[in-house]
Amino acid sequence: TQLLEQSPQFLSIQEGENLTVYCNSSSVFSSLQWYRQEPGEGPVLLVTVVTGGEVKKLKRLTFQFGDARKDSSLHITAAQPGDTGLYLCAGARNYGQNFVFGPGTRLSVLP
Amino acid sequence: GAGVSQSPRYKVAKRGQDVALRCDPISGHVSLFWYQQALGQGPEFLTYFQNEAQLDKSGLPSDRFFAERPEGSVSTLKIQRTQQEDSAVYLCASSPKRTNPYEQYFGPGTRLTVT
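An account of the accompanying structure is given in this report. (Residues numbered from 1 in each chain as written. Chains lettered and ligands numbered in written order. Predicted model: local features only at pLDDT ≥ 70, side-chain atom pairs only at ≥ 80, totals over all residues. Heavy atoms only, no water.)

### Focus on the interface of chain A and chain B
Defined as follows: Contact between two residues is taken to exist if any of their heavy atoms lie within 4.5 Å; hydrogens are not considered. A quick way to say it: buried area is the sum, across both parts, of accessible area lost when two parts are put together, with a 1.4 Å probe. One speaks of a salt bridge when a side-chain nitrogen belonging to Lys or Arg is within 4 Å of a carboxyl oxygen belonging to Asp or Glu. Polar contact criterion, stated in full: a pair of N or O atoms within 3.5 Å, where within protein one must be able to donate a hydrogen and the other to accept it, and residues adjacent in sequence count only if both atoms are side-chain atoms. Strands are runs of DSSP state E lasting at least two residues, helices are runs of H or I lasting at least four, and both sets are numbered from the N terminus onward. When residue character is reported, Ala, Val, Leu, Ile, Met, Phe, Trp, Tyr, Cys and Pro are called nonpolar, Asp, Glu, Lys and Arg charged, and the others, Gly included, polar.
If you look at the interface, chain A gives 24 residues, while chain B gives 21 residues. Interface of chain A and chain B: buried area, both sides summed, is about 1,600 Å²; carbon and sulfur atoms make up 51% of it. The three residues of chain A that bury the most area against chain B are Gln97, Phe99 and Phe101 of chain A, which together make up 35% of that side's buried surface. Seen at the junction of chain A and chain B, the total is zero salt bridges. If you look at where chain A meets chain B, you find four residue pairs in polar contact (both at pLDDT 80 or more). Going through the elements one at a time, strand E4 (31–37), strand E5 (44–49), strand E9 (85–92) and strand E10 (99–101) of chain A are the ones with two or more residues in the side of chain A that touches chain B. Ranked by the residues each element gives to the side of chain A that touches chain B, the list is headed by E4 of chain A, at four residues. Residues of the side of chain A that touches chain B, tallied by class, amount to eleven nonpolar, twelve polar and one charged.

Structure follows, in structure tokens:
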């Protein structure tokens, strides 16, 4: 049973389009992180959110943590081919170090 | 500066062999994590060190898996009597923080194939 679910599993869009991917759980997390992973490499941290309802922006990427700290979304504006990759969300439970990762959303942005 | 490095990058082992995977974290980082990532899946937590102390090993799948970080820097993940289900990418991450929320910096991983 996946503690963290991500949707959609796969997404293929044209350059310039907007998109939103989701990370959902029935559990409460003390913090949640988003990573992007490219083939043959380790995940790279994009953002950490800790407060329910928190919104963070990173250039064209907007991250939101749900009010109940059980879910999160990542919105990309005007996607570019360089945004292609596997987007992973990861939650920390009970303020600990045991991180739970979702299965990821594989994004492909076509030129 | 140098990031997290892992060696070897690729390892092929015959079933039943023992393997050792090495992680060199970013200098000065107190926290170190090991994860297992199966094909098409997200990473799964294996174990956590704070300096040389292994504070959480709840994710190690069996007693064939053993990790150490004797001097609080380099870490080794050892798998004894490898099985085919051990085939995966093993990721190491380090963090300068000792409490949540951690900023984890990942290495490129070691791809283990057990034949």
